[in-house]
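Read off the chains here:
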Amino acid sequence: MASTASETSTITDHELAQVERANASGLAPVAFVHGLWLLPSSWDRWVTLFEEAGLTAVIPGWPDDPETVEEAKAHPDVLAHKSVGQIADYVAGIISRLDKKPAVIGHSFGGLLAQILAGRGLASSTVAIDPAPFRGVLPLPISALRSASPVLKNPANRNKAVPLTYEQFRYGFANAVDEDEAKELFETYAVPGSGVPIFQAASANLNPWTEAKVDTKNPERGPMLIICGADDHTVPPAIAKAAYKKQQQNEGVTEYLEIPGRGHALVIDNGWRDVADAALAFVERFA
């Protein structure tokens, strides 16, 4: 699959090495796409699980992602100014180098990105976990607005990388775990996030030219599973179900799974394995 020279100039040596390793393996690839306030390392346990199952993993970052949480906290400015379209093009530039179409798994804004990539025909199958909304997804639950308020409360945040306080992370990500685990997750995983995608998602239904849109009808989309944590404050089930209904317009397999008692941190908290097993079972059906 071809890619452009402009994409080549931005992709890191580490990401290119992952692609070369995946191609050399001959195995079916799976690409993991992180969301806001996290880094690619949030998928490390998933990568181990999927590779033990006989797949080969690629973990594309967002443009200019630091390698570590510590580095991201020390230099938050590198995370700013990243838009949905820019990130989608960047990830597409990486997975298009794979010899085989990958399964694409994304969480939060990564779940939106996974659907965008699937809509471009770049995925063999897709798992979108607590996916951020796109144009045409209409519900706006109060908890989702509150979770986005650390960014949306100040228009100047559009041009910044905005960190979450522990209290904001506790509400938006870690509401379904105990206090000790919430603090551990915050310290281990949370990084500042670009304000642009939040503003794009918030205005998607007002802007016909938004980058936060998905081609749900492309016959090349492939099978898709949308997973939602029943207690998620950031992407409540109403948003995930609305995305599912839009995706059902596609002729491909489209499924929905709601997991009781889980919040937005379901891919990194103590119950990550239940979510990963469900995603793996879906991917293996179509690998």
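What counts and how
- Residues numbered from 1 in each chain as written.
- Predicted model: local features only at pLDDT ≥ 70, side-chain atom pairs only at ≥ 80, totals over all residues.
- Heavy atoms only, no water.
- Salt bridge = Lys/Arg side-chain N within 4 Å of Asp/Glu carboxyl O.
- Helix = DSSP H or I, 4+ residues; strand = E, 2+ residues; numbered from the N terminus.
- Buried < 20%, exposed > 50% of the residue type's maximum accessible area, 1.4 Å probe, protein only.
- Pairing = 2+ DSSP bridges.
- Axes fitted to C-alpha atoms, helices over the stretch in contact; angles between N-to-C directions.
- Contact = heavy atoms within 4.5 Å.
- Phe/Tyr/Trp six-rings, centres within 6.5 Å; stacked < 30°, edge-to-face > 60°.
- Lys NZ or Arg CZ within 6 Å of the ring centre and 35° of its normal.

Describe the pattern of salt bridges, naming the residues involved and giving the relevant values.
Oppositely charged side chains may form a pair once their charged atoms are brought near each other. On inspection of all chains with the given rule, the structure shows eight salt bridges. Between Lys 241 and Glu 258 there is a salt bridge, with its nearest N and O atoms 3.8 Å apart. On the criterion of sequence distance, the pair formed by Lys 241 in helix α11 (residues 237-247) and Glu 258 in strand β8 (residues 254-259) is long-range, its members being 17 residues apart. Judged by relative accessible area, Lys 241 falls into the partly exposed class, the value being 38%. Residue class for Glu 258 comes out partly exposed when judged on its relative accessible area of 30%. Put simply, Arg 285 and Glu 255 hold a salt bridge, and the shortest N to O gap is 2.8 Å.

Can you break down the sheet that holds strand β7 (residues 224-229) residue by residue, with the values?
The strand order across the open sheet built from six strands is β2-β1-β3-β4-β7-β8, with neighbouring strands paired in parallel fashion. Each of the sheet's edge strands pairs with one partner strand only, and the pair in question is β2 (56-58) and β8. Strand-to-strand twist in this sheet, taken as the mean axis angle between neighbours without regard to direction, amounts to 15°. Examined bridge by bridge, strand β4 (residues 125-129) and β7 share four bridges and lie parallel to one another. Within the sheet, the bridge partner assigned to Thr 126 lies in β7 and is Met 224. Lying on the sheet, helix α3 (residues 44-52) is in contact with β1 (29-33), β2, β3 (103-107) and β4; it crosses β1 at an angle near 170°.

Now, about the packing of aromatic side chains: what can you tell me, with residues and values included?
Centre-to-centre distance and the angle between the planes together describe a pair of aromatic rings. If you walk through the whole model with that rule in mind, you get eleven aromatic pairs. With centroids separated by 6.4 Å and ring planes inclined at 80°, the aromatic side chains of Trp 37 and Phe 173 adopt a geometry described as edge-to-face. Note that Trp 37 is positioned in the loop between β1 and α3 and Phe 173 in the loop between α8 (166-172) and α9 (179-189), a separation of 136 residues in sequence. Judged on exposure class, the residue Trp 37 and its partner Phe 173 are both buried. The ring centre of Phe 186 lies 5.9 Å from the NZ or CZ of Lys 73, which sits over that ring. Over the aromatic face of Tyr 171 sits the side chain of Arg 146, whose NZ or CZ is 3.7 Å from the ring centroid.

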